[in-house]
Amino acid sequence: MSKKNLKQLAEKMRDIDFTMLSTHSPGGTIGARPMSNNRDVDYDGDSWFFTTQDTQMVADIEQNPQVGLSFQGKAGLLGMRPFFIAIEGQAELIRDKAAFAKHWTRDLDRWFEQGVDTPGLVLIKVHAKSLHYWDGEEEGEVLIDRGAFVGGP
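Residues numbered from 1 in each chain as written. Predicted model: local features only at pLDDT ≥ 70, side-chain atom pairs only at ≥ 80, totals over all residues. Heavy atoms only, no water.

A. Representation of the environment of E141 within the structure. Along the chain, E141 turns up in strand β7 (residues 139-145). Among the residues examined, E141 registers a relative accessible area of 33% and is labelled partly exposed. Counting along the chain gives 11 residues from E141 to S130, while the straight-line C-alpha distance between them is 6.9 Å. At 3.4 Å, the side chain of E141 forms a polar contact with the side chain of H132. (Helix = DSSP H or I, 4+ residues; strand = E, 2+ residues; numbered from the N terminus. Buried < 20%, exposed > 50% of the residue type's maximum accessible area, 1.4 Å probe, protein only. Polar contact = N/O pair within 3.5 Å; in protein donor to acceptor, adjacent residues only side chain to side chain.)

So this is what it looks like as structure tokens:
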């Protein structure tokens with residue numbers, strides 16, 4: 001049983017920008033790519049990432065939407081423990097400019113020079129089913145059921 005709830009985990013995730021997004025690739029292999037959450041971290045169980053249609057990641061998700069996200073927070077000074085979180089979820093590919101605009105940040109202009117008008121732009125929404133965390137002394141799991149979580153206090 002988890003000792004932390006979704007709100008507490010979201011607070012810890014707030015300062016972690018990059019995740020490894022893992023997909024099921026052809027032939028049964030696992031493909032993992034670094035993705036930025038663009039500080040879109042008002043976390044409710046959904047994660048948002050931008051990419052383009054021509055990537056292997058999109059092809060993988062079209063074949064099997066079950067994905068994993070791995071986050072690692074920094075160890076701090078004075079013995080602060082590092083924080084790790086692994087998320088299992090279902091990915092959805094979104095091709096709607098209104099959704100793009102809702103999740104767009106100026107930092108994305110570096111990667112997508114035409115902004116929300118970038119040809120082939122795709123927004124990946126990962127809806128978490130479970131979150132597993134470790135912080136050096138404590139570990140736990142939070143199961144998410146359509147926005148409500150099970151397993152936390």
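B. Layout of the nonpolar core. By size, the foremost hydrophobic cluster in this structure holds 28 residues, and its most contacted members are L21, Y43, I85, I87, I124, V126 and L131. Those elements that place two or more of their residues in this core are α1 (6-13), α2 (56-63), β4 (66-72), β5 (84-94), β6 (121-134) and β7. Sorting elements by how many residues they give to this core places β6 first, with six residues. Every residue in contact with V126, bar those within four places of it in the chain, is listed here: L21, G45, D46, S47, F49, V67, L69, G89, Q90 and A91. (Core = buried A, V, L, I, M, F, W, Y, C linked by side-chain atoms within 4.5 Å. Contact = heavy atoms within 4.5 Å.)

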